[in-house]
Amino acid sequence: MEKTLVIFKPSAIDRRLVGRIISRIEDKGFVIAGLKMMQLTEELLREHYAHLVDKPFFPSIVESMTATPVIVGCLAGVEAVRVFREMTGVTNGRNAQPGTLRGDFCMSGQTNIVHASDSVENAKIEIARFFKDEEVFDYLPENVKSFYGDNEL
């Protein structure tokens, strides 16, 4: 199964949304292949958001993303990257559709509760950035078969 990265940002931690978000992830049928709490550093954020380092708003990203520890997760599922991005909603919560995580839980472009990988290639890079190989598990819970039709897994 394909894997993707999710980061529960400080805005999700502060607002105690982690359980609600995880419930929606599990309700959708994703397998949680890895999950841990960590404190992000500016160095790690510079690597992760390398495409934004030269933007004038990058210092505010560092400030908001280091305000509390974050929870990073590796999710597995068929077309996990695309499905989770659609479930997440557009970056700015004010513009996100109701029913998406951001559409239901946030009003901001920056404090937008979760990060989701944007491509299969980037998901692989991001998962390796935040997890050691032995921290990501390949297993299928018994109920996963009930989320998919024949020959989809």
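Read on for an overview of the structure.

Criteria and cut-off values
- Position numbers for residues count from 1 along each chain, tracking the sequence in the order it is written.
- In keeping with the model being predicted, local features are shown solely for residues with a pLDDT of at least 70 and side-chain atom pairs are shown and tallied solely at 80 or more, while totals for entire chains, interfaces and linings include all residues.
- Heavy atoms from the whole structure form the basis of all side-chain values; hydrogens and water molecules are not counted.
- Only one rule defines a salt bridge in this text: a Lys or Arg side-chain nitrogen within 4 Å of an Asp or Glu carboxyl oxygen.
- Burial classes follow relative accessibility: with a 1.4 Å probe on protein chains only, a residue under 20% of its type's maximum area counts as buried, one over 50% as exposed, and anything between as partly exposed.
- Only DSSP runs of H or I reaching four residues or more are called helices, and only runs of E reaching two or more are called strands; each is numbered from the N terminus.
- Any two strands are treated as partners once DSSP identifies two or more bridges connecting them.
- To obtain each axis, a line is fitted to C-alpha atoms, and for helices this fit is confined to the stretch in contact; angles are then taken between N-to-C directions over 0 to 180 degrees.
- Note on definitions: a residue-residue contact is assigned when non-hydrogen atoms from the two residues lie within 4.5 Å.

**Let's talk about the pattern of salt bridges**
Okay, step 1: Enumeration over the complete set of coordinates arrives at seven salt bridges.
Okay, step 2: Residue E79 pairs with R82 through a salt bridge whose shortest N-O separation is 2.8 Å.
Okay, step 3: Accessibility expressed as a relative area gives 41% for E79, which makes it partly exposed.
Okay, step 4: Given the relative accessible area of 41%, R82 is considered partly exposed.
Okay, step 5: Between E86 and R82 there is a salt bridge, and its shortest N-O distance comes to 3.1 Å. In this pair, E86 and R82 are both assigned in helix 5 (residues 80-88), four residues apart and thus about one turn of the helix distant.
Okay, step 6: Overall, E86 belongs to the exposed group, its relative accessible area being 52%.
Okay, step 7: Each of E79, R82 and E86 takes part in salt bridges that share partners, so that together they form one network.

**Side note on the sheet that holds strand 4 (residues 114-116)**
The strands making up a sheet are joined through hydrogen bonds of the backbone, oriented either antiparallel or parallel.
Okay, step 1: Pairing in this open sheet of four strands is antiparallel, and the strands run 2-3-1-4 from one edge to the other. At either margin of the open sheet sits one strand with a lone partner, and together these are strand 2 (31-38) and strand 4. Between one strand axis and the next, the sheet turns by 20 degrees as a mean value, whatever way the strands run.
Okay, step 2: The sheet contact formed by strand 1 (residues 2-8) and strand 4 spans three bridges and is antiparallel. Paired with F8 across the strands is V114, a residue of strand 4.
Okay, step 3: Set on the sheet, helix 7 (residues 120-130) makes contact with strand 1, strand 2, strand 3 (70-77) and strand 4; between it and strand 1 the angle comes to about 60 degrees.

Take it as geometry only, folks, not as evidence of what the structure does.
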